[in-house]
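The chain contents come next:
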Amino acid sequence: MQTRRIDPIAEQLKRLDEQLQPTRPLIQIILTACPAVIPAVGFILGISFRQNCPISWHWPLAGALLTFPAGLICLRIQSIFRRAYIAVIVLFLMFTWLGMLRLEYFYTPYTNDARFLLHPQPYPAAIRGTIVGDIFKENRKGWAFGGYQFTAPRRSFYLSLEEYQARAGNWQKAKGMIRVQINEPAFHIQTADRVQMYCILNGFEGSANPGQFKFQEYMHNRGVFVGASVETADGIAVLHRQSGWSFRRAKLWLKNFAWNALLDEMPDETDQRTAMATALLLGYQKTIDPPTNEAFIKTGLSHIISLSGMHMAIIVAMVWAMARLTGLEKRKRAILTFIVITLYAMIVPPRAPTLRAVVIFWFFCAAIWFRRSPHPINTLAVAAITLLFYRPADLFYPDWQLSYGTLFGILLFYKPIKQSIGHFTVEPLAGLPVDNRWAEALYQTVRILVDIFAAGFAAWAGGAGILLWHFGSIVPACPLWTAIISPIVPVILYLGFFKILLAGLFPTFSALLGWVIIWCSDIFAWLVRFFAHIDFTSIRLGTVPGWIPVIYYLLIFLWFCRMRIRPAWVKIGTIFLSTVIIAGLFAHQSRQKGHLSLTCLSVGHGQAIVLSTPDKKTYLFDAGSITNKDPGTRAIIPYLKYRGINSLDAAFISHGDLDHYNALPEIAAAGFLKTVYANAGLLDRAKTGGAVKLLTDTLQKKYNVSVKPIDNFPPSRGPVFIRTLWPAADEPAQALPENDRSEVFLIAYAGKKILLCGDIETYAQQKIIERYPELKADILILPHHGSTTNLSEEFIRRFAAGIIIASCAESRLPGAYKPAQNTEAFYTGRDGAVEVKIKADGTIRAAGFVNRK
């Protein structure tokens, strides 16, 4: 019987020898193994400092001019300073100044910049330029009520500005990138066309709700400051269409070829099984349905459907193996791999993880060509400097940070984690006989699983602080789910790449590969959704103070130092920082105790109100909009995650207007809804069909969320009192208009009262006054979005509210109710989300998210 020759004594001696080896200073290790780390860190800090502390470009330039000669002088004084440390300091400072200068230059407008076309108010203009990139069609399939929009899906693209028409009528040169939106389909334009358009120019609006995607900041950091809106397709005329080959046309041809080859003989690209395959292979994630997308986020597996190093490594391995079989020598294999990677990068979206992987493998191929052995951390640092020099503002986005953080974690901690786990799992199996196939299969399986788990855990450790800072969640089970699901991904990727290559040569075999890919994608998506339903998968904390992620990464650094140099202070520092993080998280979780919070979110013409009570219960009153698209995904769900809310104890629908409930399916898809309560009027309308029936059927059949009569809501217990005031039981509900059938809620806490009025009109307002003549309210949510139409002045005056809130669109502000001077008024179309806090002593504080008062 043949066994592996494992000498346990030798293994123990090897570990002991590693521990007793003299440790070198960390600076010396970095300088000899990966010298690019020092300038990379300096460059990143320089960009970060300039972003948070805007200063004139004169200061970093002066710093650079002083640092370099000062460093040279210090290097000459060898008896006082050590050259290695002086070189590190000079290099670090020079790249810090360089980072500051690069971001300053990135934000500085140049002559004839598009930014000079912006006015305080939108205005009509005529511009010329070339369409770059893809022309995107607005995707409404992820929104259950997307079909109820009054307009056709928009088209959008980026225009490289060349000229604009001045007031005098003459055309003048201009530079810059403009984001164009067309409010209807435009089939006569395509990528690389030179066009002229008549449009409305405007800037981008900032986010109006906490946790909402910062679209304005995102566009500015990508160098796009101007938006253009074109009402009809006739407003765009094609001036010139390229007839020959160009880089843009070649890129478009490659992309179309890859798409057609992959989707040939497969279900439509809107099918969820096909959507998963296109996400994994081509990076297109927009057609993944909301429940599956939310499952990826909750399990921490979003990186798997984001094209990154794993995908590039599989492509490189496949190309390298095929080239080796053909007998190509190593340097020629590197050239072929470089070409294939470049072609693949041309057909997939240029996201940060993809660009990082492409640049790293470019350096890998270059190192082979020049017969060098690159250090992975050094290569990662060079890639970071290269990409940030090209787009320095990418540093501030989660995808860039996660891309580098996870890979850095793998490079630093993969081997020690693998050795620690392997000591208890792989090594005990090493004595199994090699000639026994079952024993060998067990050994190899355990070894592979340990490798995957170690890589997943190292990646999770590198990205956990970033996830906590940006998304307010911790996913402790992510390494386990990664180990289970990772073997399926290479199968889909290999089969998909082979299908693309063989589609034209062997169509029948390619079609069979397509159905195998669909079957594997089904298993992959089902596993992710299954993991998402396990309770310990994710811990949602909400937004946390910035010092908690900072201390976490200091802790990671100490862990690394402990592996390398192991002094006593590292152990003490590790224990201290761990205690600080745990105490900080506990303090963060208990910060909401003792007060009630009501937030009226800014959703345009609609309403969405979130109530959080001191006893940790959360309720949602209405959720919809007819002016803002997909308000659930874009506004309400981000706010719930921002607050660290895992689920809603109940959701209430005041009445059957679309702008009060059309966001609920997406909230249910994200797993927040348990039960929905609605009044009799809405439940009656659900029996006759239409939008209300679509709502109840979607919630019940797709997400297993029942819509119950509001009378079934259990009586309030605890410090917060919730009851309904209207419609009254003795009122003939069927005879009332739809708006007057709105549910009116009264919320009381600490002696203060909040009144939510729905869309009631003058009849219901008068009846409430008659039934509750002594009722006063401290906070009043105005009826019907604050419109003065069908609003009784007596109704407002009788309640004598100190704070009134109107949930309205910005376009409705001129017609909104304006109170007397002794009343504080908030309008979500102007102030953004409005949050009201009531402390246990009855103190009230209210503030808008945009205009904070």
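Everything in this summary refers to the structure shown in the same document. Since we're looking at a predicted model, the values are computed, not measured. (Residues numbered from 1 in each chain as written. Predicted model: local features only at pLDDT ≥ 70, side-chain atom pairs only at ≥ 80, totals over all residues. Heavy atoms only, no water.)

### A look at the overall build of the chain
In step 1: A tally of helices and strands in the chain yields 28 helices and 23 strands.
In step 2: Here the chain holds 853 residues, and the buried ones make up 49% of them.
In step 3: Just so you have it, the chain exposes about 41,500 Å², and 61% of that area is on carbon and sulfur atoms. (Helix = DSSP H or I, 4+ residues; strand = E, 2+ residues; numbered from the N terminus. Buried < 20%, exposed > 50% of the residue type's maximum accessible area, 1.4 Å probe, protein only. Areas by Shrake-Rupley, 256 points an atom, 1.4 Å probe, with all protein chains shown as cover.)

### Focus on unusual backbone geometry
In step 1: Put simply, W726 and P727 share a cis peptide bond, and its omega is 5°.
In step 2: Even without being glycine, R371 reaches a positive phi, approximately 55°.
In step 3: For R371, the location among the structural elements is in the loop between α12 (352–369) and α13 (376–390).
In step 4: Look at R371 and you get exposed, because its relative accessible area is 60%.
In step 5: The phi dihedral of N790 falls on the positive side, at around 60°, and the residue is not glycine.

### Some remarks on the sheet that holds strand β21 (residues 824–827)
In step 1: One open sheet accounts for six strands, arranged β16-β17-β18-β19-β20-β21; its pairing is mixed. The strands lining the two open edges of the sheet, one partner per strand, are β16 (721–726) and β21. Here the strands of the sheet are splayed against their neighbours by 15° on average, with no regard to which way each runs.
In step 2: Note that β16 and strand β17 (residues 744–749) share five bridges and pair antiparallel. Its bridge partner lying in β17, I722 is registered against I747.
In step 3: The strands touched by helix α26 (residues 762–771) are β16 and β17; relative to β16, the strand with the most contacts, the crossing angle is about 120°. (Pairing = 2+ DSSP bridges. Axes fitted to C-alpha atoms, helices over the stretch in contact; angles between N-to-C directions. Contact = heavy atoms within 4.5 Å.)

### Observations regarding the environment of Q607
In step 1: Mapped onto the elements of the fold, Q607 is located in strand β11 (residues 606–612).
In step 2: The exposure class of Q607 is buried, given its relative accessible area of 3%.
In step 3: A sequence separation of 14 residues divides Q607 from F621, and the C-alpha atoms of the two residues are 8.0 Å apart.
In step 4: Look past the residues within four positions of Q607 in its chain and what remains in contact with it is D622, A623, G624, D659, H660, I781, H785 and S807.
In step 5: Engagement of the side chain of Q607 in a polar contact is seen with the side chain of D622, the distance being 3.0 Å. (Polar contact = N/O pair within 3.5 Å; in protein donor to acceptor, adjacent residues only side chain to side chain.)

### Examining the pairing of β11
In step 1: In terms of burial, β11 is a largely internal element, seven of the seven residues being buried.
In step 2: Judged by which residues are buried, β11 turns out to be covered on both faces: G606, A608, V610 and S612 on one side and Q607, I609 and L611 on the other are all buried.
In step 3: Across four bridges, the pairing between strand β10 (residues 595–600) and β11 is antiparallel. In the strand pairing of β11, L598 is matched with L611.
In step 4: Where β10 hands over to β11, the hairpin turn is made up of five residues, of which G604 adopts a positive phi near 75°.

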